[in-house]
Amino acid sequence: MKKSGEEEKVKKILTDPKMSTIKAMLEKDHAIDCLLLLYINRGKWKDAKDFMREHSLTLSDGTFRARMLEIESLGLAKSERIDPLKKYYLSTPLGEKVAKLLLGFFETLKT
């Protein structure tokens, strides 16, 4: 059994409304991809699509838009209208923090 302090951290992540919502979003298809794309300023569908294709990765426009709406609703991104049908997404300070933590996490797995 883990220390009670660690158990409390896990409990908070699983039960706190904001944290559990972010956790649930991160579990969805391409959520991490979209957060990292925002981090490198690829918040416009065309830019994201070009980046993914350039690296032989896939991401549908429907998935991109769905994840971006969720990311925005959690305060990790904000959108700006390009025209009546298109939006450009930008990372917020909280979104930047989450992306940096994810990058750090994946860096530790490298070794």
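Residues numbered from 1 in each chain as written. Predicted model: local features only at pLDDT ≥ 70, side-chain atom pairs only at ≥ 80, totals over all residues. Heavy atoms only, no water.

Visitor: Can you help me understand the pattern of salt bridges in this one?
Guide: Note on pairing: side chains with opposite charge can pair once their charged atoms come close. Tallied over the full model, the rule gives six salt bridges. A salt bridge links E70 to K28, with the nearest nitrogen and oxygen atoms 2.4 Å apart. Residue E70 is located in helix α5 (residues 61–73), and its partner K28 is located in the loop between α2 (17–26) and α3 (31–39); the two are separated by 42 residues in the primary sequence. With a shortest N-O distance of 2.9 Å, D50 and K46 are connected by a salt bridge. Here D50 and its partner K46 are both found in helix α4 (residues 45–54), four residues apart, which amounts to about one turn of the helix. (Salt bridge = Lys/Arg side-chain N within 4 Å of Asp/Glu carboxyl O. Helix = DSSP H or I, 4+ residues; strand = E, 2+ residues; numbered from the N terminus.)

Visitor: Explain the packing of α3 against α5 here, please?
Guide: Helix packing geometry: the angle between the two helix axes and the distance between the axes. Relative to each other, α3 and α5 sit at 75°, their axes nearing to 10 Å. By the angle between their axes, α3 is roughly perpendicular relative to α5. Of the residues in α5, those in contact with A31, C34, L35 and L38 of α3 are F64, R67, M68 and I71. (Axes fitted to C-alpha atoms, helices over the stretch in contact; angles between N-to-C directions. Parallel < 35°, antiparallel > 145°, perpendicular 65-115°, else oblique. Contact = heavy atoms within 4.5 Å.)

Visitor: Explain the side chain of R67 here, please?
Guide: Take R67: it is sitting in helix α5. By relative accessible area, which is 12% here, R67 ends up buried. A distance of 2.9 Å separates the side chain of R67 from the backbone oxygen of D29, its partner in a polar contact. Excluding its chain neighbours within four sequence positions, the residues that come into contact with R67 are K28, D29, H30, A31 and C34. (Buried < 20%, exposed > 50% of the residue type's maximum accessible area, 1.4 Å probe, protein only. Polar contact = N/O pair within 3.5 Å; in protein donor to acceptor, adjacent residues only side chain to side chain.)

Visitor: In this structure, what is going on with the packing of aromatic side chains? I would like to understand it.
Guide: Any pair of aromatic rings gets described here by the distance separating the centres and the angle formed by the planes. Tallying each qualifying case throughout the model produces two aromatic pairs. On the basis of an interplanar angle of 45° and a centroid distance of 5.3 Å, the ring pair of W45 and F64 is categorised as tilted. Note that W45 is positioned in helix α4 and F64 in helix α5, a separation of 19 residues in sequence. With a relative accessible area of 16%, W45 lands in the buried category. Ring geometry for F105 and F106: centres 5.1 Å apart, planes at 70°, overall edge-to-face. (Phe/Tyr/Trp six-rings, centres within 6.5 Å; stacked < 30°, edge-to-face > 60°.)

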